[in-house]
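Letter by letter, the chains look like this.
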Amino acid sequence: MKKYFQSTVYIIFVIVTFLALAKSFMVYKNPFNVYENPLVWIAIIGFVLVVVLKEMVNVIAINKATELQNEKLGIVPEESDAWIKKLLQSWTRTKGIESEEEIILDHNYDGIRELDNTLPPWWVYLFYASIVFAVVYLVRFEVLDGDDQIVEYNKAVAEAKISLKKYKSTATDLITAESVTLLTDAKDLGRGKAIFKLNCASCHIADGGGAIGPNLTDEYWILGGGIKNVFTTISNGGRDGKGMIAWNKTLKAADIAKVGSYVLSLQGTSPANPKAPQGEKWVDEGAEVQPDTELKEGKESTGTEEVGQVLEQAN
């Protein structure tokens, strides 16, 4: 009964785990990404361990039953590890205890005797190999003046930089602080809002008014405003020792761009309990801002389109 119950539980576990993994492969875009889906890897490792342990238990049980049956029938099986002993003997050339008298030395020190064992073949072969390696090394680096480790490292770094530059020039989906742009699509801002509530609201409050972190609705910024500065701050973190942590190991660049765009969409909103301004007033030097008396105090135009609408209303 106990064995039947264990087998039933094992079968149910295997089926459920397999179905769960199959479902995750169909649902997740990158199911094998350990940062995005750590539970998938935990399930895979657990599944493999359970299957392997179950099979090991079966093998041990079968071997034990076979030994008991042979013992009952008076059958003495041949040693299964005889080939291992022969292999060790050929690689060590050791003498058995019963043959130690053949290699024992004459001198005796306080009852301690010494055996004259031969060097193991594996040790001798490694010694010869080290001599060959030393000769090759000497010829290459001292006679032929080959590249040392520093030169090889510098060459590898230079090749990597060339490859990286080539990749950045052709990658259309690569987002960096230099190439990031402000996103205005409702779907992107919705994704950014979800990320903000999950990771940022604990310090900045859900409405962006600020708590431990600064107020994100005013026009004052500690490390600069604008999508490029906000992207850099989220990616690399805030001020050393007291600022926000770096999120580039947790969030993808695309998600950082979305949450950064959402943060900028909070500009000019009215949080319930806004924190006092911190940092300096940010002015986008790339935007053409026209003076206008009807612009609300504390809110600046973020683009030429908005400025044009305000000027048109003024006329």
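Along every chain, residues carry numbers that run from 1 in the direction the sequence is written. Per-residue local features are limited, in this predicted model, to residues with pLDDT of at least 70; the limit for side-chain atom pairs, both in listing and counting, is 80 or more; totals at the level of whole chains, interfaces and linings are taken over all residues. Note that the side-chain values use all heavy atoms of the structure and ignore hydrogens as well as water.

Enquirer: Sorry, what's going on with the overall build of the protein here?
Expert: Secondary structure elements follow DSSP: runs of H or I of four or more residues count as helices, runs of E of two or more count as strands, with numbering from the N terminus. Scanning the protein from terminus to terminus reveals 9 helices and 4 strands. When the helices and strands of the protein are read in sequence order from the N terminus, they spell out α-α-α-β-β-α-α-α-β-α-α-β-α. The buried share of the protein, taken over its 315 residues, is 18%. For the protein, the proportion of contacts with a sequence separation of at least 24, taken over those separated by at least 6, is 54%. Of the roughly 24,300 Å² of accessible surface on the protein, 61% is carried by carbon and sulfur atoms. Note on classification: 1.4 Å probe, protein chains only; a residue is buried when its accessible area is under 20% of the maximum for its type, exposed when over 50%, partly exposed between these limits. By the convention used here, residues are in contact when the closest approach between their heavy atoms is within 4.5 Å. Methods summary: accessible areas were calculated by the Shrake-Rupley approach with a probe of 1.4 Å, and residue burial reflects only the protein chains presented.

Enquirer: Please explain the packing of aromatic side chains as it appears in this structure.
Expert: The description of an aromatic ring pair uses the distance of the two centres, along with the angle that the planes make with each other. In summary, the pairing rule links any two rings of Phe, Tyr or Trp, Trp by its six-membered ring, whose centres are within 6.5 Å, and it sorts them by plane angle into stacked for under 30 degrees, edge-to-face for over 60 and tilted for everything else. For the coordinates displayed, the defined rule picks out 5 aromatic pairs. Judged by centre distance (6.0 Å) and plane angle (35 degrees), the rings of Phe133 and Tyr137 are tilted. Separated by 4 residues within a single helix, Phe133 and Tyr137 lie in helix α4 (residues 121-143), roughly one turn from each other. Looking at Phe133, the relative accessible area reads 57%, which means it is exposed. Aromatic ring contacts, followed pair by pair, group Trp123, Phe127 and Tyr128 into a single cluster.

Enquirer: Just checking my understanding: could you explain the pattern of salt bridges for this structure?
Expert: Salt bridges are defined as contacts in which a side-chain nitrogen from Lys or Arg sits within 4 Å of a carboxyl oxygen from Asp or Glu. In total, this model carries 4 salt bridges according to the counting rule given. Here Asp255 makes a salt bridge to Arg191, at a shortest N to O gap of 3.1 Å. Here Asp255, found in helix α8 (residues 253-265), pairs with Arg191, found in helix α6 (residues 186-204); they are 64 residues apart in sequence, far enough to count as distant.

Enquirer: How should helix α2 (residues 38-73) be read in this particular structure?
Expert: Residues spaced three or four apart along an α-helix face the same direction, because each turn holds 3.6 residues. If you check α2, its first and last C-alpha atoms are 53 Å apart, about what 36 residues at 1.5 Å a residue would give, namely 52 Å. Within the sequence span of α2, burial applies to Val40, Ile44 and Asn70. Looking one or two residues beyond α2, the residue adopting positive phi is Gly74, at roughly 75 degrees. The span you would expect from a helix comes to 1.5 Å times its residue count less one.

Enquirer: What am I meant to see in the pairing of strand β2 (residues 112-115) here?
Expert: Along any regular strand, the residues point their side chains to alternate faces of the sheet. A pair of strands is considered paired only if DSSP assigns at least 2 bridges between the two. Relative to β2, strand β1 (residues 104-109) runs antiparallel, the two being bridged by 3 bridges. Counterpart to Tyr109 in the pairing with β2 is Ile112. Linking two consecutive strands that pair antiparallel, namely β1 and β2, is a turn of 2 residues; a positive phi of about 55 degrees is found at Asp110 within it.

Enquirer: Help me understand the nonpolar core, please; the structure alone is not making it clear to me.
Expert: Grouped burial of nonpolar side chains is what soluble globular proteins tend to show. In this structure, Phe196, Trp221, Ile234 and Val259 are the most contacted members of the largest nonpolar core, which totals 19 residues. Contributing elements (two or more residues each) for this core: α6, α7 (226-236) and α8. With 6 residues, α8 is the single largest residue contributor to this core. Beyond its immediate chain neighbours, meaning those up to four positions away, Ile234 contacts Met244, Ile245, Ala246, Trp247, Asn248, Ile256, Val259 and Gly260. Here the nonpolar core consists of buried residues drawn from Ala, Val, Leu, Ile, Met, Phe, Trp, Tyr and Cys, with membership extended through side-chain atoms lying within 4.5 Å.

Enquirer: Got a minute to help me understand the packing of α6 against α8 in this structure?
Expert: Each pair of packed helices gets described by two things: the angle between the helix axes and the distance between those axes. Interhelical geometry of α6 versus α8 gives an angle of 90 degrees and a closest axis separation of 7 Å. The angle between α6 and α8 falls in the class roughly perpendicular. Between α6 and α8, the contacting residues are Asp188, Leu189, Arg191, Gly192, Lys193, Ile195, Phe196 and Cys200 on the first element and Asp255, Lys258, Val259, Ser261, Tyr262 and Val263 on the second. Residue classes follow a fixed rule: Ala, Val, Leu, Ile, Met, Phe, Trp, Tyr, Cys and Pro count as nonpolar, while Asp, Glu, Lys and Arg count as charged, and any other residue, Gly among them, counts as polar. When the residues that make up the contact of α6 with α8 are grouped by side-chain class, the tally is 7 nonpolar, 2 polar and 5 charged. Between N-to-C directions, angles cover 0 to 180 degrees, with each direction set by a line fitted to C-alpha atoms, over the stretch in contact for helices. Geometric relationships in this document are graded by angle, where less than 35 degrees denotes roughly parallel, more than 145 denotes roughly antiparallel, 65 to 115 denotes roughly perpendicular, and other angles denote oblique.

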